[in-house]
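Survey of secondary and tertiary structure
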Amino acid sequence: MSLDLAFDDTQQAVSSAIARFCAERCPEEVVREVSGTLPRALWKELADLGVLALATPEGSGGACEMVAALESLGAAVFPGPLAATFLATQLIGGDDRARIASGDAIVSLGSPPLMPFAPDADLFLIVSDGGVQRATPDGDVEPVATLGGEPWGRVALEAGAPLAGCDRAWALHDAALAAYTAAAGHALVLATAGHARTRTQFGRPI
């Protein structure tokens, strides 16, 4: 028995389109330049391509198209709370989901008081024992510098009722995270290998 994991024509087209977008709008120098911030304009451009709406009733593709897009985004180390966004669009409906999918609302997902992308977040989700609760800030966000360059913040949050549908949401979140990190890791291996081919030690290639 075998399992075909290759993208079909539609999914390959998604992957290629996002790869072109990243090459044009998010090359390495841009990634370095925006380190420590969330580039809202670039995030909105990604949303305008329909990527953040994938796997939602309003979107034009499902989980496989999402994975195809995330692989290209991971290879470019595209900044932003991608996995958290896909989780949120599974748990939140109505106008708030539309704002998330359109790039107008940024999601922070984690366990307070330290929350990723908190300085830029419009919507906070708390993780607790595998469940997810929507939360509201109880005070200002204190920005916190990170080694990875993501904008984190310290904030007190007041949790609401648990959200329904977490199993599907976490499955999509984990698929998005796996696709992104696998592609980012592969890009890192290629960059390391390319660097090693140009290095010399004591007059000899290493």
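Residues numbered from 1 in each chain as written. Predicted model: local features only at pLDDT ≥ 70, side-chain atom pairs only at ≥ 80, totals over all residues. Heavy atoms only, no water.

If you look at the biggest cluster of nonpolar residues, it comprises 29 residues, and the most contacted ones within it are L70, L73 and F78. Elements with a minimum of two residues in this core: helix 1 (9–25), helix 3 (40–48), helix 4 (63–75), helix 5 (82–91) and helix 7 (166–198). The element contributing the most residues to this core is helix 4, with 5 residues. Not counting residues up to four positions away in its chain, the partners in contact with L70 are L82, F86, A176, A179 and Y180. Counting residues in hydrophobic clusters, the runner-up holds 15 residues, among them I92, I100, L123 and L125. (Core = buried A, V, L, I, M, F, W, Y, C linked by side-chain atoms within 4.5 Å. Buried < 20%, exposed > 50% of the residue type's maximum accessible area, 1.4 Å probe, protein only. Helix = DSSP H or I, 4+ residues; strand = E, 2+ residues; numbered from the N terminus. Contact = heavy atoms within 4.5 Å.)

Take the pattern of salt bridges next. Pairing of side chains with opposite charge becomes possible as their charged atoms draw close. If you walk through the whole model with that rule in mind, you get 8 salt bridges. Among the salt bridges present, the one from R40 reaches D122, with a minimum N-O distance of 3.3 Å. On the criterion of sequence distance, the pair formed by R40 in helix 3 and D122 in the loop between strand 2 (114–116) and strand 3 (123–128) is long-range, its members being 82 residues apart. Overall, R40 belongs to the partly exposed group, its relative accessible area being 32%. Overlapping salt bridges bring together D96, R99 and R134 as one network. (Salt bridge = Lys/Arg side-chain N within 4 Å of Asp/Glu carboxyl O.)

Let us now look at the pairing of strand 4 (residues 131–137). Here 5 bridges tie strand 3 to strand 4, and the two strands are oriented antiparallel to one another. Bridge pairing in strand 4 places I126 opposite Q133. Between strand 3 and strand 4, which follow one another and run antiparallel, lie 2 residues, and D129 among them has a positive phi close to 55°. Sheet topology note: the strand 4/strand 7 (residues 157–162) ladder contains 4 bridges and is antiparallel. Looking at the pairing, P137 lines up with L157 of strand 7. (Pairing = 2+ DSSP bridges.)

Apart from glycine, the bulk of residues carry a negative phi angle, and the bulk of peptide bonds sit in the trans form. The peptide bond linking P112 to P113 adopts the cis configuration, its omega dihedral lying at 15°. Among the structural elements, P113 can be located in the loop between strand 1 (107–110) and strand 2. In the Ramachandran plot, V77 falls in the positive-phi region, its phi being about 50° despite a non-glycine side chain. Following the sequence through the fold, V77 ends up in the loop between helix 4 and helix 5. Despite not being glycine, F117 has its phi angle at roughly 60°, a positive value. With respect to the element layout, F117 can be found in the loop between strand 2 and strand 3.

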